Structures are given as C-alpha cells and as structure tokens.
Amino acid sequence: MKITAVDPFYLRMPNITTAADGTQDTLLVRVRTDTGIEGWGECDASPLVSLAVYCCPMSHGNIINIRTSLIGETLDRPDDVVCLSEKVLRNGLDIQQIQHAYSGAEIALWDVIGQQLETPVYRLLAGMSDTADIAHPKLPYASVLFGDTPEDTYHIAAGLRERGYRAAKFGWGPMGKFGEANDIALVRAAREGMGAEAQIMIDAGVIWGADYETAYNRGEAFAEFSPTWLEEPLAPDAIDAYSALTAKNPSVPIAAGEGSSIYRMAEDLIVNGGIQFVQIDAGRIGGIMPSFQVRQLAEQHGIQYVNHTFKSHLSLAASLHVFATNPDFNLLEYPAAGSELSQCLVTEPFSVESDGMVRVRALPGLGVKVDTEAIRPYLAPVRIEVGADTVFEQTPLA
C-alpha cells in the first residue's frame, strides 16, 4: 500500500476570541493511499504554523516538509508507522514545530493501517507491546472553563451535574488572576454545583509560572473541597519548580503534561518533576505512538496516565486508543463544551453510556469518520505563493 496524498485542512469558527478554548480552530490531516483507504488525524496547535510544516520548501537536508517525507512511501504494517515517523522527524530535524504538526499525520497513518488490517488501533498497539488487547471503559470528566465569576461557575457545574456527569474539570478563566479569596470561591462553587459525590479537578492554567510556593498554598486551600488533582499550576518547562512543589507532599495531587510537545518533556515531568498524573495530548506530542510510550513510562513509575483532549471527538478517538487497554487508567478528559465546529467534526461522537462510562469502539482504525459535509462551512481555503511558485493550494475536502 502506497501513500498517495497527505492533505492538511485549516478549519475555523467565524470569530476567534481570546478565551482559552482550543476548539475555535483546528488543523485536520488526511492521508490517502493507492488502495482507496484514507485516514484522518488532528493537530492541537496553531493551524497555519502547523500547515506550513507540511509544505515549506526544503532549506537543506534537515528541513524537509512532512508531505515530501511521506508521499510515495509504503504502509503495510504497524512497524511502518514507526519507521515513517523516524524518517519524518529526521528530515524535519530543524523544523521546530515538527512534532506538533506531525501529530495529525501520525494519527492518520494509524487510522489507515488499522483499516487496512481491519483492526482497531488499540489492538495494534497491544500487539506491538505484548499487552492485553481488551479495552476497558473510562469515566468521562467534562472538561470546561471556569465561569467569569463563582456564581457563573456554580451554574456551569450544576448544569453538568444535571446532564449526568459524575466528574468535571474546571480551568483557566479567572483562576489565579484576582487573589486567593476569589480562587477559593471558584473552587467552592465548582464543588457545590457538582455535588459532594462527584469528582472535581482544578486546572490552574500555568498561572503561577515557577512560583511553587503559591501553587502549594493554593492546593492546600483547595484541599477542603477534595479535588482529584491540581492541574498545571506551573509552566510546562518549570521542572525544578514542579520538583520543589511535589517534594512538599501537597494534600492535592499534582497533574501536568499537556504542554509536552516531545516525549522527553513528559519524561522529565514524571522522572524529575514528581507529578502524580501525567496528561498527554496525542495531537501535540507527535501522535499515538509517543503518547503510548508515555503511558508505558507512567505504568513503570506507578502514576496515572490521563488523556488531554480539549478539542474534538476525532482527537478523543486517538487518545482513547492509547490507554484503552489499561483498566487502572480509568479517567477520560471529555470535551463537553466545545465550539460548533468541534461538535460536528465526526459523524458519530462518543456518547456517555447509560452506566456513565465511555468506551472505545472495536472498529478498524480509529473507529470514527470525519463528517466532511458538516465541516465544509468551516473550511478556510489556503493558498501559499512564493514569487511565481505555488507552494501550497488547498485540496478539496471530498
């Protein structure tokens, strides 16, 4: 099976705001083969910056774009995905956003090979790692932003509770911006809105930089509301600060990792930062295989692996396959309040089942289909010219 096309698509909502909402735009990647099979993936990064990595003219042997590296290559078995990834990353050694951008294509390659072999991706991963190939249900936690005020946050939480969610994560917004009393009021509102039995998670949105003392004090103040974790209180690269924070043995466990754009960043947080939950975005770290490798590292260190998915159900599918076969990693970040674009991206979004759980589908590849007609209104056509040469021109969706 030969790769015949690698097509990036820039999608966006009509209006983009400054809200920390990654569902306002996206970059999808479609991989086509000479057998007629096509696979899809999604990047969680600046779409046009990522798109450039697919088409930028060669500068030298270490700056070769992703499409040039993949088109014409053979894809017949899972090991081919690994080999192609090595080629792409070697050819793009000096392209600084290469992992971020390549995530979409890598996910699409897994979708293709799964369809070719009529096997879901989680079983392909199990076969490559000598692990059980049985998928386990995950408890979805609704992933939402804090309201602008504690009262707004309470209403958001109460609404999630009415929709049947047994867990929810509240993040960003005003957290950390208006003093300790307001931060505590936000967390109290989230707890009261969700009820005493639900799990709540708090995402501080890297607000305290390297100030681990403030992060520790906030965590202690939040402890009375029993959050499952305090997420990203510090900057993604503040490893020494994370180490100092976790060394203080805070009452609320510390979670981080979504900012990891390469495996080494996640490894550093686990091995040297001392975090207790590692959160990996398959659309940022380079795709499914590096996410799976972080999952394996988490297993070795006895900490919890959790997906980071504040995007779409295409990204959710990729994330689910990574850790579906580990019954102990039972929490699933579930995009519950995304844009209209994110909600219509696939034909059959993952539903929360009657028992409150979400299950990966035992279907070939990722097990989801992109709804090209539904997303067509959000397509932003791109054409890039350099002098008299057309470097990139958007391929039709269908």
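Because the structure is a prediction, the values reported are computed rather than measured. (Residues numbered from 1 in each chain as written. Predicted model: local features only at pLDDT ≥ 70, side-chain atom pairs only at ≥ 80, totals over all residues. Heavy atoms only, no water.)

As a further point, take the nonpolar core. Counting residues in hydrophobic clusters, the biggest one holds 122 residues, and the most contacted among them are I66, L70 and F170. Examining the composition of this core, we find that 10 residues originate from one element, helix α4 (residues 98–116), more than from any other. Among the nonpolar cores identified, the runner-up in size contains 10 residues, and W229, A255, V306 and M357 belong to it. (Core = buried A, V, L, I, M, F, W, Y, C linked by side-chain atoms within 4.5 Å. Buried < 20%, exposed > 50% of the residue type's maximum accessible area, 1.4 Å probe, protein only. Helix = DSSP H or I, 4+ residues; strand = E, 2+ residues; numbered from the N terminus.)

What follows is about the packing of aromatic side chains. Scanning all chains against the criterion turns up seven aromatic pairs. Ring centres of F9 and W40 lie 5.7 Å apart, and the angle between their planes is 35 degrees; on these two criteria the pair is classed as tilted. Separated by 31 residues along the polypeptide, F9 in strand β1 (residues 3–12) and W40 in strand β3 (residues 38–43) bring together distant segments of the chain. W40 matches F9 in its accessibility class, with the two residues each being buried. Look at Y141 and W229: their rings are 5.5 Å apart centre to centre, the planes differ by 85 degrees, and that puts the pair in the edge-to-face class. Placement of Y141 in strand β4 (residues 139–145) and of W229 in the loop between α8 (212–222) and β7 (230–231) is noted, with a sequence separation of 88 residues between them. Residue Y141 shares its accessibility class with W229, and that shared class is buried. Put simply, the rings of Y141, W229 and F277 pair up and form one aromatic cluster. (Phe/Tyr/Trp six-rings, centres within 6.5 Å; stacked < 30°, edge-to-face > 60°.)

Of the voids in this model, the largest pocket is the one considered here, and its volume is about 280 Å³. Contributing to the lining of the largest pocket are 20 residues, with A20, W172, E258, R284 and H308 lying nearest its centre. The set of elements that each furnish at least two residues to the lining of the largest pocket consists of β4 and β5 (167–171). The class makeup of the residues in the lining of the largest pocket is eight nonpolar, four polar and eight charged. When its volume is computed, the second largest pocket comes out at roughly 240 Å³. Around the second largest pocket, the lining is made up of 14 residues, and of these S85, L89, M289, P290 and Q293 lie nearest the centre. (1 Å grid on protein atoms, 1.4 Å probe; cavity = no way out; pocket = protein on both sides within 12 Å on 5 of 7 lines; lining within 4 Å. Points joined across faces, edges and corners; volume = space filled by probe spheres on them. Nonpolar A, V, L, I, M, F, W, Y, C, P; charged D, E, K, R; others polar.)

In space, the three strands of this open sheet follow the order β1-β2-β3, with antiparallel pairing throughout. In this open sheet, the two edge strands, each paired with only one partner strand, are β1 and β3. When strand polarity is set aside, the average angle formed by the axes of neighbouring strands in this sheet is 20 degrees. As paired elements, strand β2 (residues 25–33) and β3 share six bridges and run antiparallel to each other. Its bridge partner being in β3, V29 is matched across the sheet by G41. (Pairing = 2+ DSSP bridges. Axes fitted to C-alpha atoms, helices over the stretch in contact; angles between N-to-C directions.)

Next up on the list: the pattern of salt bridges. A side chain of one charge can pair with a side chain of the opposite charge when the charged atoms of the two come close. For the coordinates displayed, the defined rule picks out 22 salt bridges. One salt bridge connects E38 with R32, and the closest N-O pair in it is separated by 3.0 Å. You can call E38 partly exposed: its relative accessible area is 26%. A single network of salt bridges, built from pairs that share partners, joins D44, E258, D281, R284 and K311. (Salt bridge = Lys/Arg side-chain N within 4 Å of Asp/Glu carboxyl O.)

In short, shape yes, function no, at least from these values alone.
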